[in-house]
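Each chain, letter by letter, is given below.
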Amino acid sequence: MKKNKTIACLAALFMALGCNAQVAPKILGDRHAMLRLDKQKKFLLLPVEEKEEYAHIRVVRNNQLVKTLNCRLAVDKVDYFVPYEVGEGELFDISFNGNTRATGAINDFACWKRMSYSDSFDTKNVEKHRPVYHHTPQYGWMNDPNGMFYKDGVWHLCYQFNPYGSQWENMTWGHSTSTDLVHWKAEPTAITPDALGTIFSGCCVVDKNNTASFGNNAIVAFYTSAGARQTQSMAYSTDGGKTFTKYENNPVITSNVPDFRDPHVFWNAEAGFWNMILAAGQQMSIYSSKDLKEWKHESDFGAEYGNHGGVWECPDLMKMKVAGTDKEKWMLICNINPGGPFGGSATQYFIGEFDGHKFTCEDEPSETKWMDYGKDHYATITFDNAPEGRRVGIAWMSNWQYANQVPTKQFRSANSIARDFGLFEYNGETYCSVSPVKEMDAVRGQRISSPSETCEIVVQLKGDAQLTLRNSKGEKVVITYDAVEQTIDFDRRRSGDVSFSEAFPCIVTSPTYGQAKTLRIFVDRCSIEMFEGDGKMSMTNLVFPSEPYNKLIVKGKAKATIYKLKI
Ligand code: FRU
């Protein structure tokens, strides 16, 4: 009796330490193990060590391969855990690719000791750099926003997601929703990898007239299947975007161009058919379709235009009014990496005409127009079917130069606040205006005397000015407006932790296209986004201060008001 009690106590202690006697791998070689999963609980918590090589896991059920995934299973120590949702009768067939231990030591890998089953996974917002009002994944890695659409009062945001680690891998579409573009709710994963490949970036459209025969108002998703080659596939949802079914005849578009991805589809009302734009090497390819399934190649744009310092990715194409005129023009968005104005990733755009077949650019071929002059603005695309003809976009708030290294763990990367796009003229040229969505006005709270980790700072500019945000450790960012040059600088060289990448500490500069009168600055723990009051400049930058900036020093011809945010 006493012995039983002792065993029970030891088992409880074992469980409390996160150990689970039931994880009993069969070691089959110095790099190979099998683990039969026990469906006693919902999740198997996988211990991750980021400096390790990927272990390749084949999930087998009833002798069939059901999925594969790559996870940096911990060898020496555990950085964090990721949840694997256990299915009935599953076996993990694991190959370790690392070479950090001598032969035979696989028995001692930290992952075996720390793997445990659990009915829950803690997604609480515990990291100090984790944004409060920006969209982030509950855990794991995120890059580009994908499949964004609006329907019945709900904004849907899918995203490039790694469910098995906080670095880029296992591309899957995560999914979140919002009714106000500020507060986001996590939804179940939308689209998972299959035999055609992992799921790269793409879009969703609302098929109001059932052109594809999936049903009225079906949501149709287009994404790149990243297999040996990149091909374009589709999936559809008849429950408003909750669940997606992959189209049985995928892929719908193929090519022999190696970089061939990120389809963006929209209904072209004037032409009376659908258009798709996607990145094909160093240009954008344009297609048309009546039924979303059969696509005709129409033309290519861009070989001689704009910046070609990197790969062209994540396009978008939209018509907008030019402010203060009765003109309408088309804007073609082209994200590029590397080749950005300050190194790494950035978003360029082209202004012109589009007739459903061909985009004709009005800019000089040698000219490059950047949408945002920060260092952390990439993969920007817009929502389909946004109300009131709005063009609402979201950018991934990072840069491929260091995205995998930024000092967070349980999650990595946030999206920008949503922005309203428009067009404005300056000196005979047309540019894209970028403003925080009007929904951000509703969260502006009472005035406060000093900045906090989440706040909005509104600055009235009357001439040259300098704003310094700093904390008691002397960490600071310095924002300088030069009224003669008509530029704004953002200096984050001493902003906090800048050590994780040589490319991180820097000063970035933006033109303001005329005098800047007002600045709106949004602070959210690890990000600072700045917008000129009329949308003539935006700058999106990450910062990793060891404690929040709690002091604002204003020099020169400026007056700043700080607002709390009601979130
Ligand atoms: C851009 C990108 C896309 C691709 C995706 C893969 O950041 O490289 O072109 O579809 O990321 O995650």
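The rules behind each value
Every chain begins its residue count from 1, and numbering advances along the sequence as written. Restriction of local features to residues with pLDDT of at least 70 applies here, the model being predicted, together with a cutoff of 80 or more for giving and counting side-chain atom pairs; totals for whole chains, interfaces and linings are based on all residues. Water and hydrogen atoms were dropped before computing side-chain values, which therefore reflect all heavy atoms in the structure. In this scheme, strands are said to pair when DSSP sees at least two bridges between them. Helix and strand assignments follow DSSP, with helices taken as H or I runs no shorter than four residues and strands as E runs no shorter than two, numbered in order from the N terminus. To obtain an axis, a line is fitted to C-alpha atoms, over the contacting stretch when the element is a helix, and the angle between two such axes runs from 0 to 180 degrees between their N-to-C directions. Pairing of aromatic side chains requires ring centres within 6.5 Å, counting the rings of Phe and Tyr and the six-membered ring of Trp. Pairs whose planes differ by under 30 degrees are stacked, by over 60 edge-to-face, and all others tilted. Lysine NZ or arginine CZ positioned within 6 Å of the ring centre and within 35 degrees of the ring normal marks a charge as sitting over the ring. For this description, a residue counts as near a given molecule or strand if any of its non-hydrogen atoms is within 4 Å of it. A 3.5 Å cut-off defines polar contacts: any pair of N or O atoms within that distance qualifies, except that in protein one atom must be a possible hydrogen donor and the other a possible acceptor, and neighbouring residues in sequence count only when both atoms are side-chain atoms. Accessibility throughout is a Shrake-Rupley quantity obtained with a 1.4 Å probe, and a residue counts as covered only by protein chains that appear here. Side-chain classes are defined by residue name, with Ala, Val, Leu, Ile, Met, Phe, Trp, Tyr, Cys and Pro counting as nonpolar, Asp, Glu, Lys and Arg as charged, and the others, Gly among them, as polar.

(A) Quick peek at the sheet that holds strand E5 (residues 64-71). What the 5 strands build is an open sheet, ordered E1-E2-E7-E4-E5; its pairing is antiparallel. The open sheet has two free edges, formed respectively by strand E1 (26-29) and E5, since each of these has just one partner strand. Taken over all neighbouring pairs, the strand axes of this sheet differ in orientation by 20 degrees on average, direction set aside.

(B) Quick peek at the packing of aromatic side chains. Taken as a whole and judged by the stated rule, the model has 37 aromatic pairs. Arranged with centres 6.0 Å apart and planes meeting at 65 degrees, the rings of Trp-141 and Trp-396 form a pair that is edge-to-face. Highlighted residues: Trp-141 in strand E9 (residues 140-151) and Trp-396 in strand E27 (residues 392-396), separated in sequence by 255 residues. With a centroid separation of 4.8 Å and 50 degrees between ring planes, the pair formed by Phe-500 and Phe-504 is classed as tilted. Members of the aromatic cluster, joined through ring pairs, are Phe-301, Tyr-305, Trp-312, Phe-350 and Phe-359. One cation-aromatic arrangement involves Arg-72 over Tyr-54; the distance from NZ or CZ to the ring centre is 4.0 Å.

(C) Quick peek at the site of the ligand. Surrounding the ligand, one finds Asn-143, Asp-144, Gln-160, Trp-168, Met-171, Phe-200, Ser-201, Arg-261, Asp-262, Glu-313, Tyr-378 and Trp-400. Between the ligand and Asp-144 there is a distance of 2.7 Å, counted from an oxygen atom to a side-chain nitrogen or oxygen. Glu-313 has a polar side-chain atom sitting 2.9 Å from an oxygen atom of the ligand. Burial of the ligand by the surrounding chains reaches 95%, relative to a free accessible area of 320 Å². Elements that contribute at least two residues to the shell around the ligand include exactly E9, strand E13 (198-207) and strand E17 (260-268). When its residues are assigned to classes, the shell around the ligand shows 5 nonpolar, 3 polar and 4 charged.

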